Amino acid sequence: MENFLFSKENSDLPSVILCRARDAISTELDGETVILNIETGVYNGLDQVGTTIWNLLEKPASFLDLTEGVMAEYEVEAERCCDDLCSFLNDMLQNKLIEIQDIGSG
């Protein structure tokens, strides 16, 4: 499901279940996280917000779970949170650091 696009216009967005990629290893240091996909050699450095999302993905989570988790932790409007989360997740999916586990019936 590498072709999946995280976007407000995607009707599957509320029901998508995400998880960390099996080949992704990470470490946290001073509130930031570095992730390495051992298969591809791609690594990403995450800021505090990205680290929050990564921690939420320790167990499979829906897009809604992630949105609620970010909004509970940070003062951000729902629309901005959705836009920023879509952009972040598209980047993580493209770099094979997260996987789509399931797309439920929503």
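Since the model is a prediction, treat every value here as computed from it, not as a measurement.

Okay, the sheet that holds strand S2 (residues 24-29) next. What the three strands build is an open sheet, ordered S2-S3-S4; its pairing is antiparallel. With partners counted over all chains shown, the strands left at the sheet margins are S2 and strand S4 (43-46), one partner each. Neighbour-to-neighbour, the strand axes of this sheet turn through a mean angle of 15°, independent of strand direction. Pairing geometry for S2 and strand S3 (residues 32-37), over six bridges, is antiparallel. By the bridge assignment, Ser26 is partnered in S3 with Ile35.

Once that is clear, we can look at helix H2 (residues 63-73). Of all the residues in H2, the buried ones are Phe63, Leu66, Thr67, Gly69 and Val70. All buried residues of H2 fall inside an arc of 165° around its axis, so they share one side. The secondary structure elements touched by the buried residues of H2 are strand S1 (16-20), helix H1 (48-56), strand S5 (61-62) and helix H3 (78-94).

About the thresholds
Residues numbered from 1 in each chain as written. Predicted model: local features only at pLDDT ≥ 70, side-chain atom pairs only at ≥ 80, totals over all residues. Heavy atoms only, no water. Pairing = 2+ DSSP bridges. Helix = DSSP H or I, 4+ residues; strand = E, 2+ residues; numbered from the N terminus. Axes fitted to C-alpha atoms, helices over the stretch in contact; angles between N-to-C directions. Buried < 20%, exposed > 50% of the residue type's maximum accessible area, 1.4 Å probe, protein only. Arc of directions from axis to C-beta. Contact = heavy atoms within 4.5 Å.

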